[in-house]
Amino acid sequence: MLASLDKPPKPYKGRYRKPLATSNLNEIEEDFPEFEAFEDDATPRAVAPGGDLSVYGVDMMLVSNSQTHLTRSYEISNLVVRRGQEFTVKVTFSRPLAQGDDFQLEFLIGAEPTVNKGSMVVVTFGSRPGSWAGRILDQQGPSVVLGITPTVSAIVGKFRTYVAVVASGGIKRTKRNPDTDMYLLFNAWCPEDPVYLPNASEREEYVLNDHGVIYQGSVGSVTYREWIYGQFERGILDACISILDVSRMPIHERGDVIKVVRKGSAMVNSQDDNGVLVGNWSDDYSLGRSPTSWTGSIQILLQYANTGVSVSFAQCWVFAGVFNTFLRAIGIPTRIVTNFNSAHDNTGNLKTDLIFTMDGMPDERNTRDSIWNYHCWNEVWINRDDVPPAFMGWQVVDATPQETSDGDFRCGPASVNAIKEGILCHPFDSGFVFAEVNSDVVFYKKDRFGTLTPYKVNKTMVGQAIYTKAVGMNEPYDITQNYKYPEGSHQDEATMRRAEEYGCERDHSDLPQDTMSVHVEAEQVMVGEDVNVKIIFSNNGAEDEVMQANLGCSVIFYTGVTSAHFKEHSFTFTLPANETKGEALTIKAEDYMPHLGSQVSLHFIVTGKSDDQSVTAVTLLTLQKPALSLRVSGISSVWQWMFLTVSYTNELSFTLTNVTLMMEGTGTVKYRQRKFGSIIPGGTISWTEAFQPLRAGNSILMVVMDCNNLSQVIGSTYVTIRD
C-alpha cells in the first residue's frame, strides 16, 4: 500500500499510451540508443570495403547557413534556420563513402519523438524515403556536405541532431551533442510557407527589425515611444519557446501558425494561464514596475523565463510589444497597430453607451462602456487556409486580456479584410475587433426615474485613426482604410448592414434634428503649463436660446476611465438665433498637476441645455513631455569601445522625485539602470556608460526616465555599427 502511494498517478493512462510531448527545452537524458538492432533482419549486412562506416564529426556550418537564412543576428551558438529552405551540414566519416553505404540524419524535438507526429524527422540520401528532402552536395574524401530542406509544415522549435549509419544488423548513431542542436523557424521568404510575405522591404521590417515605434496619445495629439523588441538578444528565442512549453502546447501542433499565434496571444497575458505579463491599470505599481518604465521586451521575457513567475506590470502597448517580440523571434511577420478612440463595449453590440445625468454631468456609476484614447494590438501576416483567399494577409491578434476566446483571454487571428467588409462569420473574434473600430457612440440622458433617452449619436468618433510604423522609417503609416471604408460612404453602409446580418446590433435611434451645437478645443502644451480651452456654441435655429452650460475637467486613464475630477465651470448665457458664441477659459497647471500621476491625458466635456435641446462635446488633450538628451562617442565598430551619455535638465516648475533611469540598446548596451533621487527645477543630471557593440548593423540606444510625478520621459538615438 505504501509503495503505491509513492507513485504519482498517471492522468494520461487509459487515454493515451504515453503522455503527449509538451516540452521542447527540457534536456532529454535519453533519446534512441547509440546502437539499435534491426527487429526484422537477423542477416548481417556485407561490410563495405574499408570496414564499417562511422562518424568522426558533424559541422552545422553556422556561418554559411546563418547568412543564407538571414539569422546571423541571433546571439545563439547553435544553428538557426528557416523551414522550407535548404541548409547544409558537413559530416566527416571514418572513410570516404563507398557503394552500399547507407546513412541518415535524424532531427528530434520534444520527448518521445515519433515520425508520424513530425517530432522525429528522418532525412535520407539514397533510395529510401525520408521526412525532409536530403541530397549530397559535395564530397571531399571522408567529408560530405549534405543539403537538407525542412517541409513548410515542419514543427518550429529546437531540434536535436543525430547522424545514424546503417551497420551490420542495425543502426549506429552519434552521441548526444548539444552543439549540433538546431532551431527551426517559420519562413516569410518561402512562398509555400503560410507566413510568406512577398514584399522584401516588409520582410526586413516585420521580421528582422529588432526595434520599433508604438503610437500613443489621442486623436489630434498623437505621441509615440520607441520599443526594443530584441528578438535576437541572447536567451530571447529560448524564452519564447519556453512560453509554449509553459502553456503545455503539444509539440506536434507547433508547426501550425494559427495555433501558435492563438496560444501566444493567450500566454503573453497571465489572466488565466500563468502567462508572461500581469495587467494593471490602477496607477498603483508598488508590487512591480510601472508599464511606462520598460525600455522593451528583453527584460520582461528573460525575467519570466528565469523565474517562471508572471512579470508585473503591463498595459496594452507592453502586451503588444512583448507579443511582437515573440512572433518575430520565431519568424512570423508582425507589426503593432494603434487604434485611436477604440471602443470597449461590454454588451457585445455596435453601440457604446455614454450616460449623463439631468444636469449634464457624466454618470460614471451607470456607464459600463468606455472609449479608450488608444488601444494597441498586433497584426500578423498569414496566408490562411481556413478562410477565403480574399481574407488572407494581415490578421488582428491581441494579447491584452479583454474577452475570452474559446475559454482563454486572447483575440484573433481575425482577418483585417473581412473586418473591412463586415463579413464576421470566419474565425476568430472578428465581431469583437469590428466593434472596436466601428461602434456608434450613443449619448443618453437619465431622468430622476432612471429612464434613459438618447439625445445624440456620433457615428464617426470610434476608430478615427489607425496607425502603424511605416516600413523603413519612424513615421506613422495610416492604415485606417485597411479596416473601414470612408464614414458615410455607400461601401461603409453596406459593410454595416452585413455586420448586422451576422448579429452585431447597431443604433437606429430616430432623433430630431438639433439646431444647437457645441465644439470644444484645447491647445497643445507641455506638462506643467497652463491650458487654454475654447468653447464655441452655435445656434442655427430661428429663435434665441437660453443655455445652461457646464465644462467638466478631468485627468483620465488612457482607457477612458476617470482618474480625478479637478475643475468645473458653469455658466448661463443667451445665444441669439443664427449666431455663434465663444467662451475662453484658462486651466492653471496647479489645478491638474496634483492629480496627474502616471497619466498625462486631460479630458474636457462640455454640456449645454436649453428648454428643449441638449448638446455635448468632448475633447482630449495629451500633454507633451520633455525628452532626454543622448550623445554617443567612440568607435562605432564591433567590439570597439563606445560611450553613451544621457543628460536631462528639469525645466519644469516642480521637483521630480524618486528618479530612475533605464538604459538599453540592441546588440550594444545590455540593460542598466541608475537611481538619482530628486531633480529640483533647473537641476541637471548626467550619466555615461561604456559599451562594446556585439554585432554590426543599425541599432537603437534608448533611455527611459521614470519618477513619482512624471513618467515615460524618453531619449533615443540610432547608430550604425560596422564589422
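This section reports on the structure supplied with the text. Every value quoted in this text rests on a predicted model; they were computed, and no experiment measured them.

### Re the state of the cysteines
Counting across every chain of the model gives zero disulfides. Here Cys 411 stays unpaired: no disulfide links it, and the sulfur of Cys 504, its closest cysteine neighbor, is 13 Å away. Looking at Cys 411, the relative accessible area reads 4%, which means it is buried.

### A look at the sheet that holds strand E37 (residues 672-679)
Strand order in the open sheet made by the four strands is E37-E36-E39-E40, with antiparallel pairing throughout. Whereas interior strands pair on both sides, the edge strands pair on one side only; in this sheet they are E37 and strand E40 (710-721). With strand direction ignored, the average angle separating the axes of adjacent strands in the sheet is 20°. Where strand E36 (residues 656-665) and strand E39 (residues 697-707) come together, six bridges link them in antiparallel fashion. Directly across from Gly 665, in E39, lies its bridge partner Leu 701.

### Observations concerning the nonpolar core
With 94 residues, the main nonpolar core has Leu 277 and Tyr 483 as its most contacted residues. Counting residues per element, this core draws most heavily on helix H7 (residues 316-329), which supplies 10 residues. Not counting residues up to four positions away in its chain, the partners in contact with Tyr 483 are Val 337, Trp 377, Glu 379, Val 396, Val 416, Ile 419, Lys 420, Val 437 and Ile 466. The next biggest cluster of nonpolar side chains, apart from the first, holds 59 residues, and it includes Met 516, Ile 535, Phe 571 and Leu 623.

### A closer look at helix H3 (residues 200-208)
Buried within H3 we find Arg 203, Glu 205, Tyr 206, Val 207 and Leu 208. Between the side-chain oxygen of the N-cap and the backbone nitrogen of Ser 201 there are 2.9 Å, and the N-cap of H3 in question is Asn 199.

### Quick notes on the packing of helix H5 (residues 257-267) against H7
The contact between H5 and H7 brings their axes to 10 Å, and the two run at 150°. With respect to their mutual orientation, H5 and H7 come out roughly antiparallel. For the pair H5 and H7, the sense of crossing is right-handed. Across from Val 260, Val 261, Gly 264 and Ser 265 in H5, the residues of H7 making contact are Phe 323, Phe 326 and Leu 327. Looking at the contact of H5 with H7 residue by residue, the classes come out as five nonpolar, two polar and no charged.

### Some remarks on the environment of Tyr 485
Tracing the sequence through the fold places Tyr 485 in the loop between helix H10 (480-483) and helix H11 (490-501). Residues contacting Tyr 485, with those up to four places away along its chain left out, are Lys 420, Glu 421, Gln 491, Asp 492 and Thr 495. A distance of 2.6 Å separates polar atoms of two side chains, one belonging to Tyr 485 and the other to Glu 421.

### Considering the packing of aromatic side chains
Applying the stated rule across the entire model yields 26 aromatic pairs. Ring centres of Phe 571 and Phe 573 lie 5.8 Å apart, and the angle between their planes is 20°; this geometry places the pair in the stacked category. The two residues Phe 571 and Phe 573 agree in class, both being buried. Members of the aromatic cluster, joined through ring pairs, are Trp 281, Trp 317, Phe 319, Trp 372, Tyr 374 and Tyr 558. The ring of Trp 394 carries the charged tip of Arg 335 above its face, separated from the ring centre by 4.0 Å. Sitting over the ring of Tyr 455, Lys 445 keeps its end group 5.9 Å from the ring centre.

### What about the environment of Glu 545?
As for its position among the elements, Glu 545 is in strand E29 (residues 545-556). Look at Glu 545 and you get buried, because its relative accessible area is 11%. C-alpha of Glu 545 to C-alpha of Thr 574: the two residues are 29 residues apart in sequence and 5.7 Å apart in space. Non-local contacts of Glu 545, meaning those with residues more than four positions away in its chain, are made with Met 516, Asn 539, Phe 573, Thr 574, Leu 575, Ser 610, Asp 612 and Gln 613. A distance of 3.4 Å separates polar atoms of two side chains, one belonging to Glu 545 and the other to Ser 610.

Rules behind the numbers
Residues numbered from 1 in each chain as written. Predicted model: local features only at pLDDT ≥ 70, side-chain atom pairs only at ≥ 80, totals over all residues. Heavy atoms only, no water. Disulfide = S-S within 2.5 Å. Buried < 20%, exposed > 50% of the residue type's maximum accessible area, 1.4 Å probe, protein only. Pairing = 2+ DSSP bridges. Helix = DSSP H or I, 4+ residues; strand = E, 2+ residues; numbered from the N terminus. Axes fitted to C-alpha atoms, helices over the stretch in contact; angles between N-to-C directions. Core = buried A, V, L, I, M, F, W, Y, C linked by side-chain atoms within 4.5 Å. Contact = heavy atoms within 4.5 Å. Polar contact = N/O pair within 3.5 Å; in protein donor to acceptor, adjacent residues only side chain to side chain. Parallel < 35°, antiparallel > 145°, perpendicular 65-115°, else oblique. Left-handed = near helix turned anticlockwise from the far one by under 90°. Nonpolar A, V, L, I, M, F, W, Y, C, P; charged D, E, K, R; others polar. Phe/Tyr/Trp six-rings, centres within 6.5 Å; stacked < 30°, edge-to-face > 60°. Lys NZ or Arg CZ within 6 Å of the ring centre and 35° of its normal.

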